[in-house]
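Report on the structure
Read off the chains here:
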Amino acid sequence: MKVLVVGGGGREHALCWKISKSKKVDKIYCAPGNAGISEIAECVPIGAMEFDKLVSFAKENQVDLTVVGMDDPLVGGIVDAFEAEGLRVFGPRKNAAILEGSKAFSKDLMKKYNIPTAAYENFHSPEDAMKYLETADMPIVLKADGLALGKGVLICNTREEAMEGVKTLMLDKQFGDAGNTIVIEEFMTGREVSVLSFVDGDTIKIMTSAQDHKRAKDGDQGLNTGGMGTFSPSPFYTEEVDEFCKKYIYQATVDAMKAEGRTFKGIIFFGLMLTPKGPRVLEYNARFGDPETQVVLSRMKNDIVEVFEACIDGTLSQIDLQFEDNAAVCVVLASDGYPEKYDKGFVISGLENFKDKEDYFVFHAGSKLTEKGIVTNGGRVLGVTATGADLKEARANAYKATEWISFENKYMRHDIGKAIDEA
Ligand code: AMP
Ligand code: GLY
């Protein structure tokens, strides 16, 4: 089979790696890919939003299956564009990707179908939002309705901050049209867990749990980022939590989408908060998480292409999804200054240390091949990932492997997986 992966970050590198292990696959293309991906796939210089070009490429090269990693093309309807030309593609159609594309939609869906989440109201005008805030309890959470690179969520401790937040989102339009509508939501406390799942429209199969570290600095300080590291499984995702989510959240979401005429096929990523009152949905994503994918797929036993095909064909109930009884940790090596200002173009050395090692992976997020060699080309540069018999061993292995790599302005958090010690 020939497979095309759409995207070019650490998540797509992990996807290409896992697809390369499939018995069914003999050729992988990735658009646009990156320097690390080019070692296992043929990178094609087409952007993820260039649907026409991607469709033509898939047709001309007899691609048998396209897998979409990123949110923007999914929300923009890439799956519909491929299906319209009779091409096989893994991911939700536009009318289902709205589960991630509109937070107001997803909140209304959860309310209508009694799926546990924070109490909220949607607002279409700044005046109404500010009026509501005059009497609301603080702290409070403001969310831009649309996609905002994971940055459209403001946690406000005071009424002044919240009023300012409405201005930022709705009047100054920091995230453009994503802020035309906002969700104002009850502030919750608790540990966060990411749960990825495969969905075929009717059946849902849960992968193993993971936890992200979104803040830039140690001790969860600093700005929100795309994710500075992950571990899997989460020791806080207990059997009791799993049972609750199976009963009230997972299947309920799939059934709700179907009932709305928005049958969901693809990945649903449940961002959960384990509050004192029980698990609540913080957010849905309609795709694999980054860098959750790096730790989840490195533990997955199945041939992932068989699972993708089962989702497309509606036969997921026949798949026995299995994960190794081990753990994995991913530490992101970033450019110092990320997520604000940083320099790039520095030569990366030490990548060869990962060759032929089964338990260590270096997934590229922002790298580029030049005549100087592979250089840094983004805020998040590499996802150094290691497995181990348990979380502590995986963490020690991952941090050991971060020392194999050097580049100027290399930056990382030193406390990825610290929560493990509290479990
Ligand atoms: P989201 O993009 O909705 O996952 O929000 C980004 C981050 O904001 C989450 O990972 C949480 O850390 C935080 N967050 C979102 N909603 C809430 C909430 N209702 N209460 C507390 N924290 C929240
Ligand atoms: N790691 C969070 C996300 O992919 O949205």
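Before reading further, recall that the structure is shown in the block above.
Here's what I pulled together on the structure shown here. Source: prediction; values computed, not measured. (Residues numbered from 1 in each chain as written. Chains lettered and ligands numbered in written order. Predicted model: local features only at pLDDT ≥ 70, side-chain atom pairs only at ≥ 80, totals over all residues. Heavy atoms only, no water.)

As a further point, take the pairing of strand β21 (residues 380-388). Among the nine residues in β21, nine count as buried, and that is most of the element. Sheet topology places strand β17 (residues 327-335) next to β21; eight bridges connect them, and they run antiparallel. Across the sheet, the residue bridging to valine 329 is alanine 386, located in β21. With five bridges connecting them, strand β18 (residues 360-364) and β21 associate as antiparallel partners. Opposite phenylalanine 361, over in β21, you have threonine 385 as the bridge partner. (Buried < 20%, exposed > 50% of the residue type's maximum accessible area, 1.4 Å probe, protein only. Helix = DSSP H or I, 4+ residues; strand = E, 2+ residues; numbered from the N terminus. Pairing = 2+ DSSP bridges.)

A contiguous patch of negative charge, built from Glu358, Asp359, Asp390 and Glu393, is present on the exposed surface. Take aspartate 359: it is sitting in the loop between β17 and β18. You can call aspartate 359 partly exposed: its relative accessible area is 39%. (Patch = residues over 30% accessible without salt bridge, like charges linked within 9 Å, V, L, I, M, F, W, Y side chains within 5 Å. Areas by Shrake-Rupley, 256 points an atom, 1.4 Å probe, with all protein chains shown as cover. Salt bridge = Lys/Arg side-chain N within 4 Å of Asp/Glu carboxyl O. Lys, Arg positive; Asp, Glu negative; His and termini not counted. Charge placed at Lys NZ, Arg CZ, Asp CG, Glu CD.)

As enumerated under the stated definition, the model contains 21 salt bridges in all. Of the charged contacts, one joins lysine 24 and glutamate 309 as a salt bridge, the two residues approaching to 2.7 Å between their closest N and O atoms. With a gap of 285 residues between them, lysine 24 in the loop between α1 (10-20) and β2 (27-32) and glutamate 309 in helix α11 (residues 304-313) connect regions that are remote in the sequence. Residue lysine 24 is classed as partly exposed on the basis of its relative accessible area of 33%.

The next thing to look at is the site of ligand 1. Taken together, 14 residues sit near ligand 1, with Glu185, Glu186, Met188, Glu192 and Glu283 positioned nearest. Here methionine 188 contributes a backbone N or O atom positioned 2.9 Å from a nitrogen atom of ligand 1. One of the side-chain N or O atoms of glutamate 192 is found 2.4 Å from an oxygen atom in ligand 1. Calculation on ligand 1 without its partners gives an accessible area of 470 Å², and the protein chains cover 90% of this total. For the shell around ligand 1, the secondary-structure elements that each account for two or more residues are β7 (140-144), β8 (153-156), β9 (182-186) and β16 (278-285). Of the residues assigned to the shell around ligand 1, the class counts are seven nonpolar, no polar and seven charged. (Near = heavy atom within 4 Å. Polar contact = N/O pair within 3.5 Å; in protein donor to acceptor, adjacent residues only side chain to side chain. Nonpolar A, V, L, I, M, F, W, Y, C, P; charged D, E, K, R; others polar.)

A few words on the packing of aromatic side chains. Overall, the coordinates contain 15 aromatic pairs when judged by the stated rule. Between phenylalanine 198 and phenylalanine 288 the ring centres are 6.2 Å apart and the planes differ by 80°, which places this aromatic pair in the edge-to-face class. Here phenylalanine 198, found in strand β10 (residues 191-200), pairs with phenylalanine 288, found in the loop between β16 and α10 (292-297); they are 90 residues apart in sequence, far enough to count as distant. On the basis of relative accessibility, which here comes to 1%, the residue phenylalanine 288 falls in the buried class. Within the aromatic cluster, the residues linked to one another by ring pairs are Phe90, Phe198, Phe288 and Phe308. Lying across the ring of phenylalanine 236, arginine 191 places its NZ or CZ 3.8 Å from the centre. Between lysine 357 and the ring centre of tryptophan 404, over which it is positioned, the NZ or CZ distance is 4.9 Å. (Phe/Tyr/Trp six-rings, centres within 6.5 Å; stacked < 30°, edge-to-face > 60°. Lys NZ or Arg CZ within 6 Å of the ring centre and 35° of its normal.)

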